[in-house]
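Spelled out from the first residue to the last, the chains are:
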Amino acid sequence: MMNRGSFIFVESNTTGTGELLMKRARILGFEPYLVTRNPARYPFLKDSVAQVIEAETRSPDELIGVAAKLKSLAGIYSSSDYFVEAASSAAMAMGLPAANPEAIARCRNKWKQAAELQRQSITIPETRLATSVRDVENILAQATLPVVLKPVSGSGSSGVRLCDSAGAAIKAFESARGALLDQVGLRSPDVLIQQYVEGKEYSAEIIAYDGTLHCLGILAKHKGPPPCFVEVGHDFPAPLREPFSKELASFASSAVSALGLDFGPAHVEFVITESGPVIIEVNPRLAGGMIPVMLSHALGTSILDMVIKLYAREAFALPMASARAGAIRFRLAHTSGKLKRLGFSRNPEPTVPEAGLLKSEGDEVQINGDFRDRVAYAVGVADELNAAAAAAEGMIDSLVIDIETGVGESENKQDPESSDAGWTLHPEAMKLVAPPIEISRDGRLLRHQAAIDEAHLVMLADQGLVSPAATADLLKHILDLQGEGFQSLEGRDAPRGLYLAYEAELAARAGPEKAGWLHLARSRNDLNATISLLVLREAACSISQEIGSAQDALLQRVEEASGLVAPLYSQYQIALPGSPGHYLLGVFFALGRERQRLHCLLEGIRNCPMGAGAGGGTSLPINPSKTANLLGFELPSFNSLDAVASRDHSLQGLSLFAGISILLSRVAQDLQLWTTREFALIDIPHNLAGGSSMLPQKKNPFLLEHIKGSASTVIGAYISAATATCKAPFSNSIEISNYGCSPLRLAEDALKRAVVLTSLTLKFMSLNVNSMRGNLEDGSAMTAVAAERMASRGVPFRKAHTLVGEIARHLSLDSSAAERRSELASNLAGVLPESLEECRDALQFGGGPGKSSTDDQISVATTLFRDMQLKCANMRDRWAQAEMYRKQRVTELINRHRGH
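One structure accompanies this document, and this report is about it. Keep in mind it's a predicted model, so treat the numbers as computed, not measured.

As for the sheet that holds strand β17 (residues 364–365)
Pairing within the open sheet is antiparallel, and its 3 strands lie in the order β17-β15-β19. A strand with exactly one partner marks an edge of an open sheet, and here the two such strands are β17 and β19 (399–404). For strand β15 (residues 337–344) and β17, the ladder comprises 2 bridges, and the chain directions are antiparallel. By the bridge assignment for β17, Lys-338 is matched with Glu-364.

Description of the sheet that holds strand β4 (residues 73–77)
Working definition: the strands of a sheet are paired by backbone hydrogen bonds and lie parallel or antiparallel to each other. One open sheet accounts for 4 strands, arranged β3-β2-β1-β4; its pairing is parallel. Strand pairing shows two members of the sheet lacking a second neighbour, β3 (51–54) and β4, which therefore form its edges. Averaged over all pairs of adjacent strands, the angle between strand axes in this sheet comes to 25°, irrespective of strand direction. As paired elements, strand β1 (residues 5–10) and strand β2 (residues 30–36) share 6 bridges and run parallel to each other. Pairing of Gly-5 across the sheet is with Phe-30, part of β2. On the sheet, helix α1 (residues 18–27) packs against β1, β2 and β4 and is oriented at approximately 150° with respect to β2. Sheet contacts for helix α2 (residues 60–69): β1, β2, β3 and β4; angle to β1, the most-contacted strand, approximately 160°.

Considering the pattern of salt bridges
One side chain can pair with another of opposite charge once the charged atoms of both are near each other. Tallying each qualifying case throughout the model produces 46 salt bridges. Of the charged contacts, one joins Glu-116 and Arg-119 as a salt bridge, the two residues approaching to 2.7 Å between their closest N and O atoms. With Glu-116 and Arg-119 both in helix α5 (residues 110–119) and 3 residues apart, the pair spans about one turn of that helix. A salt bridge links Arg-372 to Asp-370; its shortest N-O distance comes to 2.7 Å. Each member of the pair, Arg-372 as well as Asp-370, is classed as buried. Within this structure, Arg-444, Arg-447, Glu-538, Glu-748 and Lys-752 form a network of salt bridges that share partners.

Rules used in this analysis
Residues numbered from 1 in each chain as written. Predicted model: local features only at pLDDT ≥ 70, side-chain atom pairs only at ≥ 80, totals over all residues. Heavy atoms only, no water. Pairing = 2+ DSSP bridges. Helix = DSSP H or I, 4+ residues; strand = E, 2+ residues; numbered from the N terminus. Axes fitted to C-alpha atoms, helices over the stretch in contact; angles between N-to-C directions. Contact = heavy atoms within 4.5 Å. Salt bridge = Lys/Arg side-chain N within 4 Å of Asp/Glu carboxyl O. Buried < 20%, exposed > 50% of the residue type's maximum accessible area, 1.4 Å probe, protein only.

Put into C-alpha cells, the structure is as follows:
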C-alpha cells in the first residue's frame, strides 16, 4: 500500500478506540507514531501497533519538536481528553488541520464551558464552582438536592457523583479532587456542582469540517446504578420521532458552535426533560466507550477512518443514512479483587460483529465508579433496534466472570445486648446530657450509623441470620432516611442517646418486629467504637487535604520567592542572608512530616470494632471480616475487649492535630511580626486584614491571631480527651466513648480554620523586596561566610570567628549602612562576599538557601507533594470503593426481594 506519510497520535485512551485508531492508520497507509510520557500505560504497544516516541505530551513545544523531526507528517491527533488541546496546538503550529486550541481549552474546562453556553443562552443545569469544602457548604445552602459533582477537567465519569445530602456532596468533592491523579497525574482543585436534571440521557455525535457541523446520529444512553454515572450501554438510532431527532441534532450543533469548535469530532451529552433538552457537557473529541465502533457497523462506514482522513486533510465521504440499528452493552465488575476467570461462554452470532474483553485474567480489579469498572463489551447490529439490543445483551450476558475478593471468614463471637426499653431519663438530666437531636450537629454521626447498619445487615443476610424480606425492608428504610438527610429526626428527644432515637424512627417505619432484627449480634459499645473510628478517619483525611492545599500554596510561592534576598533570623536577630523561598520550603517540609504522621494514623486504622458487641463477642456465627470490608477496614478486631475499650487512635489523632496547630501558630507568629513597620518584610492584602475602631491608619492582620488562637482550642481538646480517658476503666464507658471522643469535632473545626487561613495568607501576601534587602545592606549578615572563607584558607575557625567579630563590633552605628559595608569590605578584602546574592548562594550545603540547594529542595518537595497527594487519594478511593461495593450489595438485596 502507498505510504501516505507519518501520523502522530498524542497519548491515547487506554480503553476504547485509541489502539484501533492506530491500527486503522496503518491499514490506511500511514506510519503511526504514539508520543507518550509513559509507554507503560499502554499494554497494546507490545503488538507494535505504532512506533513509540517518549516526550512531555503536555507541552506543545515538545510535540512540535517531535513533529518537526518526522518526514512527510500527515496529521496530529489525540483520542485522549487530556491531550486534545496540546495536540491541536502542535498541529496548528505545523500547518496541519486542527480545531482552535482556545476553543478546546474552553471546552475542556467545564466551568468555562458552562459559562460560555449560558452566555449564549444554551440551556444547561444550574452550575456552580467549588474550590473548597466551605464553597460546597455555601453552594448547598442555596441549592436544591440532589446535585451532581464532577471534576472541572475530568472524563469518563471519573469523580462524577450524584449527591442527595450535604455529607455525600462533601465526600464527593474530596474524592473528585483526586479522581484523575492515578490516571493522568492531574490534581483537580476545582469541582463543578450542577443541579441534577431528571430525564433520559442522550448523546449527539458530530463531525465539523469545511465550516459545517454534521450530526452522525443521536444515541440513547444506559447508565449504571447511582450515585455513579458509568455508561453501561448505548442505542442507535435513539428511539425518537424523526422530526424531534433533527431538532435535537440542531440543538446539539448549536452548543458545539457556541463553544467555537469548528473542526473535528464532538461528543455532546444532553438530557431531555419535561421542559425540553438540557446540555450536560460538550466534549471536543470522538465519543469513547466503543461508540465509534458500533456506529461504524451500523452506518457501514468506518468512523475511525473518517477522523484519520479528516486530520490528514484527505477527502472522505459522510455516511449515508442507514436503516441498520446498533447497540452496545458493557459488563461492569461487581467487586474489587483479582480476576480469576473472564470470558464469553459462547461464540458471537452474526448480529454481534464485535465483542471483546477490556480486562485480562490475573488483573487486579478496583471499583472506581467510572469507565474503568468495565470488563467486557458486545456490539449488536440488526435491522431493528430491539433486535440489535437483544443481540448485544445476549452476548454480554454470556460473560463468565469470577473475581477473588480475598474476604476471609472469622470465628469471632459476640453476645447481644439486652434491650433498653423501659428506661426513662429524668427530664432535668435529659436536658443536660441528652439534648434534642440537631442534624447540623449530629448529621455526621447519623450518616456513619446508617453506613454501619447497611454493612451489618448485608453481613447478617449473607450469614442467614436475618430473612431476606426483613433485610430488604430495613435497608430500604435506611436508604430513605439517608435520602431525606435524617430530617425526620430533627428536634427529636434522645434520652438514651442518638442510636436508640434513630432505631425508634426505623421501628416506626418498618414496624417493631422487623426493626428488632437490626440490633442482632451487636451493642452500642461496638457501634460507638466503630463510629468514632469512621469520624476520625474522615476528619484526619479532610485535614490532610487541607494541608495539601497549604503545601500547594507554599510551592506556588517558592519559585518566585527563592530568587529574592531576605534576612534569616536566629532568636529574632538577623543571622545570614537567606530567601523567603527558603523559609517557605522549611514550612513545607515541616507540614509534610505532620501530614505523613496523619497518613500513618490512617493506615493504622485497620481493624473494625463491629462484632465485639458489649466487649465479650457473641454466640452467633457472624462474619466480622465481611462487615469490616464493607466499611473500608482491612480486618475485624482481634480482641473484643480491646475493640470497645481502646481509644488510642482518637487520642493520637488529637495529638497530631495539636502538633499541626502548634506549627501553624509558630508560622503565624513570624508572619505577624513581619507585617510590623519595624520588620516590614511582608504585607497582607486588605481583604485578609481589618481596621481599627479608633485608629484610622491602622491595618490589623487579625486572621493571623485566629490561627494562633486556634492552637489553644486544639491543644485544649487533646488535654480534655486525655484527661477523660486516663481514669476510665479498660472497657467501654461514658468517659471514653463520649468525653474522650467528642472533643475531636471541636479540634477538627479549629484546625481546619487555621489551615485554611494559613493557606490564604501564604497565597496572597506580598513580599516587600526593598525592606528585606534593606535590613541586610550593612553587610554584617555576610560576616559568618567571611569567617568560613578564612577558615577554608587555613585560619583556625575560632581565630577567624574572633577576628571577624572584633571588626564587626568596631563598626560605628552612627554611620550609614553603605559606610559600614564599605568598612567591612576593606577590612575583610577577599573573604567578604561582594553581594548579598553571592553570600546567599554560598550557603548551599546542609540545606541552606543557596540556589543549587534550593533547587534540590524544590525538586524533593515537588516529589513529596505528589506522592502525598497520591497516597491521600488512594486512601479515599479505597474507602469510596468499599462504600460503592456496600451500596451495590444493598441494592442487590433490595432488588432481589422485589423480584420475589
